[in-house]
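Survey of secondary and tertiary structure
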Amino acid sequence: MKLSVSSEEEREAIAQLEEAIAADHVTPERLRMSPRIFEKDDDLNGHMDFVAAASSLRARMYSIEVADRLKTKRIAGKIIPAIATATAAVAGLVSLELVKVVGGYGFESFNNCFFNLAIPVMVLTEAAPVKRTQIREDISFSIWDRWTVWGDQHFSLSDFIKAVLVNYGIYPTMVLTVLYYR
């Protein structure tokens with residue numbers, strides 16, 4: 001597969017990647033990761049290039065005004081420490097809960113966490129089981145359940161009510177619609 005590239009640096013990087021893949025130089029030692037400290041003021045490390053490119057992509061995806069590299073650098077200097085701190089806190093908390101899942105711990109050992117690093121406040125609460133509403137002996141639901149009934153552009157409300165009645169044996173008394181655009 002041939003890629004179109006816009007600069008000599010990109011062509012060189014692609015050539016190096018293709019060469020490394022073809023040479024089969026991938027070993028467990030070379031796959032080891034090591035942390036890098038974000039440094040926005042060092043133009044040789046590529047950190048700001050990545051941040052500027054990612055923010056431009058996001059801006060274009062959501063029709064937001066694209067910031068130039070200098071403005072992105074100014075913003076990154078203020079926000080990166082906050083993002084890094086919050087991300088580290090969330091990653092640590094998720095890791096603790098994941099250890100509980102993998103270790104087979106019971107439901108009562110899991111926690112919810114609410115934190116605000118600006119104040120600083122961190123509150124751990126016990127998880128509560130999800131409330132289920134019993135419709136009849138063989139059907140119940142919770143706020144996390146979703147029943148999907150598919151139809152086409154000619155699918156009427158009457159067709160929907162019939163489909164629910166046939167599939168679930170329930171006569172709907174209230175219907176909400178959500179439109180998905182693809």
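Residues numbered from 1 in each chain as written. Predicted model: local features only at pLDDT ≥ 70, side-chain atom pairs only at ≥ 80, totals over all residues. Heavy atoms only, no water.

The name an unreviewed UniProt entry gives the protein chain is Ubiquitin-like modifier-activating enzyme 6 isoform X2, with Salmo salar as the organism. Reading the Sequence similarities (unreviewed entry) entry of the UniProt record for the protein chain gives the comment "Belongs to the ubiquitin-activating E1 family." In UniProt, the protein chain has this text filed under Pathway (unreviewed entry): "Protein modification; protein ubiquitination." (UniProt positions renumbered as here; feature names shortened; annotations may be inferred.)

This part takes up the layout of surface pockets. Each pocket or cavity is described by its volume, and for the largest pocket that value is around 1300 Å³. Lining the largest pocket are 29 residues, with Trp147, Thr148, Val149, Phe160 and Leu176 positioned closest to its centre. For the lining of the largest pocket, the leading source of residues is helix H4 (residues 157-168), giving 4 residues. Across the lining of the largest pocket, the residue classes tally to 20 nonpolar, 5 polar and 4 charged. Breaking the lining of the second largest pocket down by element, the ones donating at least two residues are helix H2 (47-61) and helix H3 (69-102). It is H3 that contributes the most residues to the lining of the second largest pocket, 6 residues altogether. Its residues assigned to classes, the lining of the second largest pocket comprises 10 nonpolar, 3 polar and 2 charged. (1 Å grid on protein atoms, 1.4 Å probe; cavity = no way out; pocket = protein on both sides within 12 Å on 5 of 7 lines; lining within 4 Å. Points joined across faces, edges and corners; volume = space filled by probe spheres on them. Helix = DSSP H or I, 4+ residues; strand = E, 2+ residues; numbered from the N terminus. Nonpolar A, V, L, I, M, F, W, Y, C, P; charged D, E, K, R; others polar.)

Quick look at H4 now. Residues lying three or four places apart along an α-helix face the same way, a consequence of the helix completing one turn every 3.6 residues. Here H4 spans 16 Å end to end across 12 residues, near enough to the 16 Å set by a 1.5 Å rise per residue. Along H4, the residues classified as buried are Ile161, Ala163 and Val164. What you see down the axis of H4 is that its buried residues fit within an arc of 160°, all on one side. Positioned one or two residues after H4, glycine 169 has a phi angle of 70°, which is positive. (Expected span 1.5 Å × (residues − 1). Buried < 20%, exposed > 50% of the residue type's maximum accessible area, 1.4 Å probe, protein only. Arc of directions from axis to C-beta.)

This part covers unusual backbone geometry. For the bond running from isoleucine 119 to proline 120, omega is -10°, close enough to zero to count as cis. Structurally, proline 120 can be placed in the loop between strand S1 (111-116) and strand S2 (121-126).

Before going further, it helps to examine H2. Taking 1.5 Å of rise per residue, 15 residues should cover 21 Å, and H2 covers 21 Å from first to last C-alpha, within 8% of that figure. For H2, the set of buried residues is His47, Met48, Ala52, Ser56 and Ala59. When H2 is viewed along its axis, its buried side chains cluster within an angular range of 155° and face the same direction. Across H2 from its buried face, at more than 90 degrees, point the exposed residues Phe50, Leu57, Arg58 and Met61. Within two residues after H2, serine 63 carries a phi angle of roughly 55°, on the positive side.

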